[in-house]
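Coordinate inspection notes
Here's the letter readout for the chains.
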Amino acid sequence: MKVAIVHYWLVNMRGGEKVLEALCELYPDADIYTHVYDSSAISETIKRHRIKTSFIQRLPNAVAWYQNYLPLMPLALRFLNLKQYDLVISAESGPSKGVRLSKNALFICYCHSPMRYVWDLFDEYYRSVGLFKKGMMLLCMKPLRIWDRWTAQRVDQFVANSTTVQRRIQNCYGRESIVIHPPVDLEAFQISSKADDYYLLFGQVIQYKRPDLAIEAFNASGRKLIVVGQGNMLKDLKKIAKSNIQFMGRLEDSQIQKLVSQCKALIFPGLEDFGIIPVEVMSSGRPVIAYGQGGVLDTVMDGETGIFFADQTVASLNAAIDQYEKTADQFIPEIIKTSTEKFSKMQFKLKFTDLVKRLQSQSR
């Protein structure tokens, strides 16, 4: 069986690329197709494969400006001829479904989310850009949505990374999907013999993750917060943060693992499609205090492995932290860690392999 994997872009190693790594291990001879590729930012597991790029790679400063070339990506995909492959797996979060296939190929789309800047987060992205980009977005969004819906009908099977994304696929494309959660490297995280006196905010410091809500809440409460990560909001948040909030920037994995394992709890104020970081923290036996929407509904058990807050407000978040501190003894690290076993890489591989076998059997 000849296999191709289409990934939207390869310019960093985040959750989507971790899924790609697992697929690379499942299909060691697969070819990878992508719009833009930065070899210095990608893991050896992925680089061992033959990687082919679209014409976007040859445009000026493509690695840095790839998002500006989004309107050209549907055309770029049409120039990628994958008719020689028996199984094609597209990873969707940016454009990746529009390649040319054999009519006999099995086409699976692993969907991290329908493109959020085209669909549910269009207004948020629109507000955050300058006048020229606003004009481009208004010009391009309707054709992109039409194209996105059309290419969705060519997929044989959608796989969603969470029940939240499953509903989004239904709303955007009118397609059914099954849920296979992304793989998480659980072995990298262990329970610590002690917990320290700080809460942890960990991840990209960007708008939709709502780090501003965490900063405002901890400014109000005076509790200790450690912030790990970088992003376009970091400079402004440092200006308003009080002395009880410490910014650590980007850290090595070993430093992150220590901070994760010894924090009181993770603060997770945004709405994520899935959210690998809460699973990593729970794999260290630490609870999660999260906005009760999105992917955390699949991963966190309210009152057992974490606490949900209902509204993205300072009062709601601080009330959840108050509740946690009153009931901290009921959160058992070993139980929290055990709850994450279903998100292992092995479970991902087993479920994905079973799906492919079932679909191939049905097509015979």
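The structure under discussion appears in the preceding block.
Since the structure is predicted, the reported quantities are computational estimates derived from the model, not experimental observations. All residue numbers here refer to positions counted from 1 along the written sequence of the relevant chain. Thresholds applied to this predicted model are a pLDDT of at least 70 for local features of residues and 80 or more for the giving and counting of side-chain atom pairs; totals over whole chains, interfaces and linings are not thresholded and use all residues. Based on all heavy atoms of the structure, the side-chain values leave hydrogens and waters out of the count.

Take the overall build of the protein next. In DSSP terms, a helix is any run of H or I states spanning at least four residues, a strand is any run of E spanning at least two, and both are numbered starting from the N terminus. Regarding its fold elements, the protein presents 15 helices and 15 strands. In this treatment the radius of gyration is a C-alpha quantity, and the globule benchmark scales as 2.2 Å times the residue count to the 0.38 power. For 364 residues, the compact-globule formula gives about 21 Å, and the C-alpha radius of gyration of the protein, at 21 Å, lands near that figure. On the principal axes, the C-alpha backbone points of the protein span a range of 60 × 50 × 40 Å. Between buried and exposed lies partly exposed: a residue is buried under 20% and exposed over 50% of the maximum accessible area for its type, with that area taken using a 1.4 Å probe on protein chains only. Looking at the 364 residues of the protein, the share that counts as buried comes to 55%. Whether two residues are in contact is decided by their heavy atoms, any of which lying within 4.5 Å being enough. Once local pairs closer than 6 in sequence are excluded, the contacts in the protein between residues at least 24 apart make up 61%. Throughout, the Shrake-Rupley method with a 1.4 Å probe supplies accessible areas, and for residues the shown protein chains are the sole cover considered. About 16,600 Å² of surface is accessible on the protein, with carbon and sulfur atoms providing 50% of the total. For the protein, the distance from the average site of its 46 positive side-chain charges to the average site of its 37 negative ones is 7 Å. Asp and Glu are treated as the negative residues and Lys and Arg as the positive ones, with His and the ends of the chain left uncounted. Working definition for charges: the position is that of NZ of Lys, CZ of Arg, CG of Asp or CD of Glu.

Glancing now at helix 15 (residues 345–363). Across its 19 residues, helix 15 extends 27 Å between first and last C-alpha, which sits within 8% of the 27 Å expected from 1.5 Å per residue. Looking only at helix 15, the buried set comprises Phe348, Phe352, Leu355, Val356 and Leu359. When helix 15 is viewed along its axis, its buried side chains cluster within an angular range of 95 degrees and face the same direction. Those residues of helix 15 that are exposed and aimed more than 90 degrees away from the buried face are Met346 and Lys357. Turning to helix 15, the residues buried within the fold contact helix 1 (15–26), strand 5 (87–92), strand 7 (106–111), strand 8 (157–160) and strand 9 (177–179). Multiplying one less than the number of residues by 1.5 Å gives the expected span of a helix. Note that the arc is defined by the directions from the helix axis to the C-beta atoms.

Before going further, it helps to spend a moment on helix 13 (residues 314–327). Working note: α-helix, 3.6 residues per turn, so residues spaced by three or four point in the same direction. With 14 residues, helix 13 should reach 20 Å at 1.5 Å per residue; the first-to-last C-alpha distance of 20 Å fits that figure. For helix 13, every residue scored as buried is listed here: Ser316, Leu317, Asn318, Ala320, Ile321 and Tyr324. Buried residues in helix 13 make contact with strand 10 (199–202), helix 8 (211–221), strand 13 (266–268), strand 14 (288–291) and strand 15 (306–309).

For two strands to be treated as a pair, DSSP must find no fewer than two bridges joining them. The seven strands are arranged 3-2-1-5-7-8-9 in an open sheet whose pairing can be described as parallel. Edge positions in the sheet fall to strand 3 (51–53) and strand 9, since each has one partner strand and no second. The average undirected angle you get between the axes of adjacent strands in this sheet is 25 degrees. Of the pairings in the sheet, the one linking strand 1 (residues 3–7) to strand 2 (residues 31–34) comprises four bridges and is parallel in character. Opposite Ala4, over in strand 2, you have Asp31 as the bridge partner. For helices, the fitted axis covers only the stretch in contact; all axes are lines through C-alpha atoms, and the angles between them, taken along N-to-C directions, range from 0 to 180 degrees. In the packing of helix 15 onto the sheet, contacts are made with strand 5, strand 7, strand 8 and strand 9, and the angle to strand 7 comes to roughly 150 degrees.

Moving residue by residue along a regular strand, the side chains alternate between the two faces of the sheet. Here strand 10 shows a buried face lined by Tyr199 and Leu201 and a second buried face lined by Leu200 and Phe202. On the question of chirality, the crossover connecting strand 10 to the parallel strand 11 (residues 225–228) by way of helix 8 is right-handed. Here is how to tell: hold the view so the strands point away, follow the path from the first strand over the helix to the second, and if it runs clockwise the crossover is right-handed.

A few words on the pairing of strand 11. Residues Leu225 and Val227 of strand 11 are buried on one face, and the alternating residues Ile226 and Val228, pointing to the opposite face, are buried as well. Direction of pairing for strand 10 relative to strand 11: parallel, over a ladder of four bridges. Opposite Leu201, over in strand 11, you have Val227 as the bridge partner. Sheet topology places strand 11 next to strand 12 (residues 245–249); four bridges connect them, and they run parallel. Paired with Val227 across the bridge in strand 12 is Phe247.

Our next topic: the state of the cysteines. Sulfur atoms of two cysteines make up a disulfide when they are within 2.5 Å. Under the defined criterion, the tally for this structure stands at zero disulfides. Cysteine Cys24 remains unbridged, with the sulfur of Cys109 as its closest cysteine sulfur at 16 Å. Not engaged in a disulfide, the cysteine Cys109 finds its nearest cysteine sulfur in Cys111; these two sulfurs lie 5.0 Å apart.

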